[in-house]
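What follows is the residue order along each chain.
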Amino acid sequence: MIKNLIILAAVLCSLMFFRLIYLGESGIKGLQVLGVMIIVGVIFVQLIYDKTFRIKQSFSWEVALLLVAVLLSMITPYRDYGQSIKTSLIAQRHMYFILFYFMLHAIKPSQMQVQRIFIIIGILYSLFSIMQYLAYPTMIFDVRASLDRGTIRIFLPGNIFAVVTYFLCLHYFFRSYSFKYVIIMGIILSFFVLQGTRQTLASVGFASFLFVLFNRKIKSKLLIMVLVGLSLIPLYFAFESIFSEMLNVTESQSERFEDNVRVRAATFFLTYFKHDIWGYLLGSGMDSQKNVYGLLIESYKENLGFYIEDIGIIGEFVRYGALFVLAQILIIVKVFRSKLPNSLMYIKIYFIVFVMTLFTGAGYFTFSFTAIGLMLYQIDLAKTEKLLSINHE
């Protein structure tokens, strides 16, 4: 119970409790600081007092490299814009949740405890997102929201938890055939459609197909695919106007690819925005609105509609440099090379979605590393459990 509460508290702090507007900006910042303090405190206490068996950390070097890259990225804004190291340390406080991976190894939750956390956060994210959709234009959460593609697009932090929860429930459904998992998946899919997120819908759909195709527990694969296809027909007619708008946007952008705002933003930040080889290696660092650098980034958002957060791994490369991206690639490769039990296959399926949205996502290693950390820890735990079972035999 205590482990669950500690993990849940750290995750909710990393998500700033979905930026509930009543918290205020100071409250939101305070949650991030509190979350980092919880993580560091737990690691420190466990290192001193925990003398029990330790789970092997398969991703420790890669995660450490992520943190080193973040710290090195503070050099560029100090050199080019005079942004102090102290200001950068505070501005990038959300990046210290990278340490969450090490906290999980310190308290050693079970696979079931980790999966419950995913489901709790995934359901909360979906319900809060639908609440905000229904309440718009009244804002319940301090997030970006806009009328676009025939719907209301809401950018609540924590999307990754909803996607992972969808695949986790898909796994549980084919294991137990319990209807409650269908309800959870239906809620999550409904919000994805309401969001008009083409990349998410396409990648989740493709990954679901792969899940059914390669899941050893599913025998009648063709029948299942036909039933799933038929079940999506009423979903299409329920949200026909949104699907039509998404199709129109896709056709328009395919005809004028160079006018796509993400393409233009990526080109801008990779060319004009960068200065020299050190900028590419170390990154431009996290901006703060207390400095001219932060005001410059904000002007790009307001005047050009260019958001670093919307160009996926390119945005992370711009901010944190080549070392950060290298660490990501190493982690992704290691995940796909890991031999996992069928119960954890949803992790690989999620990483397929991650790769498919690598250049268009919100930068999950930057803003949702607690979810990444939970999955990496599960892989480590599975490897250790397999090793112990072999030794026991």
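Residues numbered from 1 in each chain as written. Predicted model: local features only at pLDDT ≥ 70, side-chain atom pairs only at ≥ 80, totals over all residues. Heavy atoms only, no water.

Novice: Give me the lowdown on the overall build of the protein chain, citing residues and values where you can.
Specialist: Each helix and strand in the protein chain was counted, giving 19 helices and two strands. Taking the contacts inside the protein chain whose residues are at least 6 apart along the sequence as the reference set, 76% of them involve residues at least 24 apart. A total accessible area of about 18,500 Å² is found for the protein chain, and carbon and sulfur atoms account for 68% of it. (Helix = DSSP H or I, 4+ residues; strand = E, 2+ residues; numbered from the N terminus. Contact = heavy atoms within 4.5 Å. Areas by Shrake-Rupley, 256 points an atom, 1.4 Å probe, with all protein chains shown as cover.)

Novice: Quick rundown of the packing of helix α13 (residues 261-270) against helix α15 (residues 292-304)? Include the residues and the values.
Specialist: Direction vectors running N to C along α13 and α15 enclose 150°, while the axes themselves pass 13 Å from each other. With respect to α15, the axis of α13 lies roughly antiparallel. In terms of crossing hand, the pair formed by α13 and α15 is right-handed. Contacts from Arg 264, Phe 268 and Phe 269 in α13 reach Ile 297, Tyr 300 and Leu 304 in α15. Taken together, the residues of the contact of α13 with α15 sort by class into five nonpolar, no polar and one charged. (Axes fitted to C-alpha atoms, helices over the stretch in contact; angles between N-to-C directions. Parallel < 35°, antiparallel > 145°, perpendicular 65-115°, else oblique. Left-handed = near helix turned anticlockwise from the far one by under 90°. Nonpolar A, V, L, I, M, F, W, Y, C, P; charged D, E, K, R; others polar.)

Novice: Could you give me a rundown of the packing of aromatic side chains, with the residues and numbers involved?
Specialist: Enumeration over the complete set of coordinates arrives at 19 aromatic pairs. A centroid spacing of 6.1 Å and a plane angle of 70° characterise the contact between Phe 17 and Phe 18, whose relative ring orientation is edge-to-face. Here a set of aromatic residues connected by ring pairs shows up, and it is made of Phe 17, Phe 18, Phe 128 and Phe 141. Above the face of the Phe 155 ring, Arg 144 is positioned so that its terminal group lies 4.3 Å from the ring centre. The cationic tip of Lys 334 hangs over the ring face of Phe 59; the distance from NZ or CZ to the ring centre is 5.8 Å. (Phe/Tyr/Trp six-rings, centres within 6.5 Å; stacked < 30°, edge-to-face > 60°. Lys NZ or Arg CZ within 6 Å of the ring centre and 35° of its normal.)

Novice: Can you explain the nonpolar core? Please cite residues and give values.
Specialist: The biggest cluster of nonpolar side chains holds 115 residues, and the ones touching the most others in it are Phe 167 and Phe 269. Ranked by the residues each element gives to this core, the list is headed by helix α8 (residues 159-176), at 13 residues. With near-sequence residues (within four places) excluded, Phe 167 lies in contact with Val 204, Ala 207, Ser 208, Phe 211, Tyr 346, Ile 349, Tyr 350 and Val 353. (Core = buried A, V, L, I, M, F, W, Y, C linked by side-chain atoms within 4.5 Å. Buried < 20%, exposed > 50% of the residue type's maximum accessible area, 1.4 Å probe, protein only.)

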